[in-house]
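# A structural walkthrough
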Amino acid sequence: MTLIMKSATIRRSKVKELSAEVVDSNPYSRLMALQRMGIVENYEKIRDFSVAIVGIGGVGSVAAEMLTRCGIGRLLLYDYDTVELANMNRLFFRPDQVGMTKTDAAVQTLSDINPDVVLESYSLNITTVKGFDTFIESLKRKSAEEGRSSGVDLVLSCVDNYEARMVVNQACNELNQTWMESGVSEDAVSGHIQLLVPGETACFACAPPLVVASGVDERTLKREGVCAASLPTTMGVVAGLLVQNSLKYLLKFGQVSPYLGYNSLKDYFPAMEMKPNPQCSNSACLQRQKEYIQAKPARDALAKAKLDAESSSEAECPLHMDNEWHISVVDDSEAESSNIGKKPDALPDGLVHELPNADKYQEPPASGETSAITDDLEELQRQLDALNSS
Amino acid sequence: MEGWDPSTKSALTQIPLLTTRAGPRDGGPWTQRLKEEYRALIAYTSMNKSNDNDWFRISAANPEGTRWEGTCWYVHNLRRYEFQLQFDIPVTYPATAPEIELPQLDGKTHKMYRGGKICLTVHFKPLWAKNCPRFGIAHALCLGLAPWLAAEVPILVDSGMVKHKDDEATSAES
């Protein structure tokens with residue numbers, strides 16, 4: 001009993017610098033060991049990063065705890081909901097936090113776990129006009145001192161609905177902010193994470209979720225319940241995949257997955273890449289795509305310089321002393337040019353590509369003139385009011 | 001659309017479609033969109049009245065037209081049940097549909113999300129997505145809220161979750 005009392009009052013103090021010293025009292029010794037083992041070049045850099053987590057539910061709260069324990073510099077937490085007993089089948093929140101806003105409850109727990117992390121709590125609905133403005137402002141707040149359009153290094157979307165994902169997508173496209181999306185299926189047995197780099201990879205609006213054709217009778221409404229299933233396991237796995245990918249992205253180690261699925265029934269992990277849609281309905285996405293394609297020469301030059309630097313350091317001595325058969329490696333571009341008289345993507349006469357080439361920026365076709373409604377807005381309001389009052 | 005009843009179908013074809021793809025953060029084009037929303041709502045409301053099928057009142061609660069409030073009602077066993085109706089226009093509108101709220105029914109049915117947002121996922125969201133930006137508020141009421149009320153109000157009344165206001169008054173007196 002006294003032990004419990006004692007442990008409840010212990011608060012660790014903040015640390016100035018991450019130490020690699022292996023002692024029981026050092027909260028970062030096991031993390032700094034990543035550096036010693038050659039996995040991460042500079043783990044201490046984690047303290048410079050800010051991550052925004054939108055949606056502090058089954059995935060978001062666990063992701064927040066993981067990043068907190070990793071010693072992330074700053075965490076921004078967004079949610080409009082409160083903790084309920086129905087949330088207790090998931091990790092992180094405790095029954096005594098029922099009734100608190102999820103962001104405040106999270107700050108309470110996280111600041112106890114690691115007082116070094118700067119925590120910001122935003123209890124608001126980002127899909128409303130007002131909430132969205134606050135959301136954008138909070139993301140941009142530290143941008144001046146960092147010299148970029150956004151003040152955070154990564155946004156993690158851990159929301160549970162399409163509308164909120166579209167809002168995060170909108171904000172990140174506008175701010176040119178890299179983000180990761182996560183989701184768990186309604187039946188709780190599969191999930192996914194996805195990396196979204198505006199202009200470079202598909203945005204969330206580029207490939208809208210499969211719009212299943214209607215044929216829905218209003219009577220079928222009764223069959224489906226809104227209450228979705230959830231499991232702490234699936235949510236924990238997805239949060240783990242999400243934060244692992246985030247750490248790889250921030251600390252630059254391993255390969256950052258562009259998309260990783262998780263099917264728990266068959267333990268199948270599909271991975272894939274998605275290019276942006278040149279006909280995306282999101283105008284900010286099209287703008288980012290344009291910038292990305294326009295920056296291609298510079299990017300190619302940089303990649304080539306890097307490759308040259310690597311090869312020059314390697315090509316000091318020939319790999320094979322004799323080359324009896326005169327075998328040589330030919331560059332891809334040379335091989336293409338030897339294929340004379342035929343353009344690489346030439347089509348037979350009479351055929352045209354339906355979709356534009358993704359590597360070239362195409363001006364979107366000018367939309368047909370919007371039918372000019374000359375009516376006065378106030379006049380229309382009066383008409384509706386008249387109908388309403390009659 | 002095969003599964004919809006003929007009267008909903010004929011109502012739908014008579015609501016003017018919208019053309020401007022603009023949300024509340026788009027300035028001028030949003031005003032244009034707002035005019036189209038009003039036109040569709042005026043057409044739908046007057047059609048309902050002339051068909052003796054009037055079932056809602058809705059008007060903008062702020063000058064920007066991003067917040068809408070009103071009432072809707074449903075007749076079950078010859079008695080009229082009326083509910084408050086409200087919703088915000090989301091920042092990503094019209095890519096995402098408005099989330100229609102009936103705050104008085106919050107917690108009374110599980111066909112609802114937090115804050116009394118009615119569940120539109122199965123019967124309405126796919127239609128909205130396919131018809132963006134041609135559908136507006138009037139379409140959301142016709143294809144989203146109307147079938148929800150038709151499916152849910154009888155259950156809520158029969159299970160005693162929702163009481164008619166006359167019965168509530170008498171039970172309070174006794």
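Preceding this paragraph is the structure being described.
Residues numbered from 1 in each chain as written. Chains lettered and ligands numbered in written order. Predicted model: local features only at pLDDT ≥ 70, side-chain atom pairs only at ≥ 80, totals over all residues. Heavy atoms only, no water.

A tally of helices and strands in chain A yields 12 helices and seven strands. Looking at the 390 residues of chain A, the share that counts as buried comes to 40%. Counting contacts in chain A only where the partners sit at least 6 residues apart, residues at least 24 apart contribute 62% of the total. Surface accessibility of chain A: about 23,500 Å² in total, with carbon and sulfur atoms responsible for 55%. (Helix = DSSP H or I, 4+ residues; strand = E, 2+ residues; numbered from the N terminus. Buried < 20%, exposed > 50% of the residue type's maximum accessible area, 1.4 Å probe, protein only. Contact = heavy atoms within 4.5 Å. Areas by Shrake-Rupley, 256 points an atom, 1.4 Å probe, with all protein chains shown as cover.)

Looking only at helices and strands, chain B has five helices and five strands in total. Along chain B, helices and strands appear, N-terminal first, in the series α-α-β-β-β-β-β-α-α-α. On C-alpha atoms alone, chain B measures out to a radius of gyration of 17 Å, which is about the 16 Å that the 2.2 N^0.38 rule sets for 174 residues. Principal axes of the C-alpha set define a box for chain B whose edges measure 55 × 30 × 30 Å. Looking at chain B as a whole, 53% of its 174 residues are labelled buried. (Rg over C-alpha atoms; globule rule 2.2 N^0.38 Å.)

Looking now at the interface of chain A and chain B. On the chain B side, the residues contacting the 43 residues of chain A number 53 residues. Note on chain A versus chain B: buried area summed over both sides is about 4,300 Å², and carbon and sulfur give 62% of it. Between Glu163 of chain A and Lys125 of chain B there is a salt bridge; the shortest N-O distance is 2.8 Å. Viewed at the interface, chain B and chain A are joined by seven residue pairs in polar contact (both at pLDDT 80 or more). For the side of chain A that touches chain B, the elements supplying multiple residues, two or more each, are helix 5 (129-140), helix 7 (162-175) and helix 12 (377-389) of chain A. The element contributing the most residues to the side of chain A that touches chain B is helix 12 of chain A, with eight residues. Classifying every residue of the side of chain A that touches chain B gives 19 nonpolar, 14 polar and 10 charged. (Buried area = accessible area lost by both parts, 1.4 Å probe. Salt bridge = Lys/Arg side-chain N within 4 Å of Asp/Glu carboxyl O. Polar contact = N/O pair within 3.5 Å; in protein donor to acceptor, adjacent residues only side chain to side chain. Nonpolar A, V, L, I, M, F, W, Y, C, P; charged D, E, K, R; others polar.)

Another aspect to go through is helix 4 (residues 102-113) of chain A. All names here are of chain A. Taking 1.5 Å per residue as the helical rise, helix 4 with its 12 residues ought to reach 16 Å, and the 17 Å between its terminal C-alpha atoms agrees with that figure. Turning to helix 4, its buried residues number three or more, namely Lys102, Thr103, Ala105, Ala106, Thr109 and Leu110. Down the axis, helix 4 shows its buried residues gathered within 160° of arc, on one side only. In the core, the buried residues of helix 4 are packed alongside helix 3 (60-69), strand 2 (74-79) and strand 3 (118-123). (Expected span 1.5 Å × (residues − 1). Arc of directions from axis to C-beta.)

With that settled, consider empty space enclosed by the protein. Residues and elements named next belong to chain A. Following the criterion strictly, the structure yields three cavities of 30 Å³ or more and no others. Empty space within the second largest cavity amounts to approximately 50 Å³. Lining the second largest cavity, in full, are Gln194, Leu195, Thr201, Ala202, Pro258, Tyr259, Glu273 and Met274. Here the lining of the second largest cavity is built from residues that sort into five nonpolar, two polar and one charged. (1 Å grid on protein atoms, 1.4 Å probe; cavity = no way out; pocket = protein on both sides within 12 Å on 5 of 7 lines; lining within 4 Å. Points joined across faces, edges and corners; volume = space filled by probe spheres on them.)

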